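Geometric and topological summary
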Amino acid sequence: MKKYLCLLGCGLLPVVGFGQIPRLLDHNTLAWFVYSGDNQLTKKWALHTEYQWRRINWVRAPQQQLARLGLVRQLSERVKASGGYTYFQTHRYGEYPTVPNRPEPENRLYEDLSLNDQLGRLTLTHRLRLEQRWLGTRAEQGQGEVEKWEFQNRIRYQLSGQWPLQGPSVDDREWYLNAFDELFIGFGRNVGDNVFNQNRLSGGLGYQFTDKAKVELNYLYQVSQHAEPEPVSGRPVFEINHGFRLNVLYDLDFAGRE
């Protein structure tokens, strides 16, 4: 556990390090609605489906949307690997918007490994994800078709936990606590000074209807660094965002009895 905590602590150092540099802060309120499901195809294979509808200013305006499709392979009781494709879209929002006009798209490929740990009643999940990103930009001050695609790499580490409230484990029709922290680091060409990309911290209450159907309502806190400084002053821009995240998890079973 110590090495994981050290990794998270080191990830926050870039944010602290910018304390000596005049920076611009952009505060926003978030409302994120998330569906995800690992739909069983065989005993060891599942199809991952996910959609995120992200709003700003307490639902009043669009922020981002995400659609993800991938395959999941169960390697052992504790370890699974997955990979697939993500479509991402960002709208113009905030005091220092990164999108000049029309929404800008992003295509991603991703690969990840997840490891589960059981510490008494606490279930911990470590997830390491690699992303290959193609970020699109439009011409004519954000109008017209996408003219340029810029490639970037990113690595993400997430530590999440689940704690049952009504017994030694989470069973059907029971409540639980959940939380996660996820660090995003950019690397490779075209990343420039934006090594620290963002950090998300979230926690809240969940309810399990069955082992394949859950709902969670979490508080979400996000620190995100813009890839480019503010063009007039040249100062770095950090978003300090907070709000809620409503997460619906529903898994289908197409495998039946093998």
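Look up a bit, the structure's there.
Report on the accompanying structure. (Residues numbered from 1 in each chain as written. Predicted model: local features only at pLDDT ≥ 70, side-chain atom pairs only at ≥ 80, totals over all residues. Heavy atoms only, no water.)

So, the sheet that holds strand β11 (residues 237-250)
Applicable threshold: Two strands qualify as a pair provided that DSSP identifies no fewer than 2 bridges between them. Elements are defined by DSSP. Helices are runs of H or I of four residues or more, strands are runs of E of two residues or more, and each kind is numbered from the N terminus. Between N-to-C directions, angles span 0 to 180 degrees; the directions come from axes that are lines fitted to C-alpha atoms, helices contributing only their stretch in contact.
Spatially, the eleven strands close up into a barrel ordered β1-β2-β3-β4-β5-β6-β7-β8-β9-β10-β11, and their pairing is mixed. Geometrically, the sheet is characterised by an average inter-axis angle of 20° between neighbouring strands, direction not taken into account. Two strands pair when backbone bridges link them, and strand β2 (residues 45-56) and strand β3 (residues 61-74) are joined in this way by twelve bridges, in the antiparallel orientation. Residue pairing in the sheet places tryptophan 53 in a bridge with glutamine 65 of β3.

Observations concerning the environment of proline 229
Here is the rule we go by: Partly exposed residues are those whose accessible area sits between 20% and 50% of the maximum for their type, while under 20% is buried and over 50% is exposed, using a 1.4 Å probe and protein chains only.
Residue placement: proline 229 occurs in the loop between β10 (213-225) and β11. Judged by relative accessible area, proline 229 falls into the partly exposed class, the value being 41%. Along the backbone, proline 229 and tyrosine 96 are 133 residues apart, and their C-alpha atoms lie at a distance of 9.7 Å.

Focus on the pairing of strand β5 (residues 104-119)
Direction of pairing for strand β4 (residues 79-90) relative to β5: antiparallel, over a ladder of twelve bridges. Residue pairing for β5: glycine 84 is matched across the bridge by tyrosine 110. Pairing analysis gives 14 bridges linking β5 to strand β6 (residues 122-139), with the strands arranged antiparallel. Residue pairing for β6: arginine 108 is matched across the bridge by arginine 133. Count of turn residues in the β5/β6 antiparallel hairpin: two residues, of which glycine 120 carries a positive phi of about 65°.

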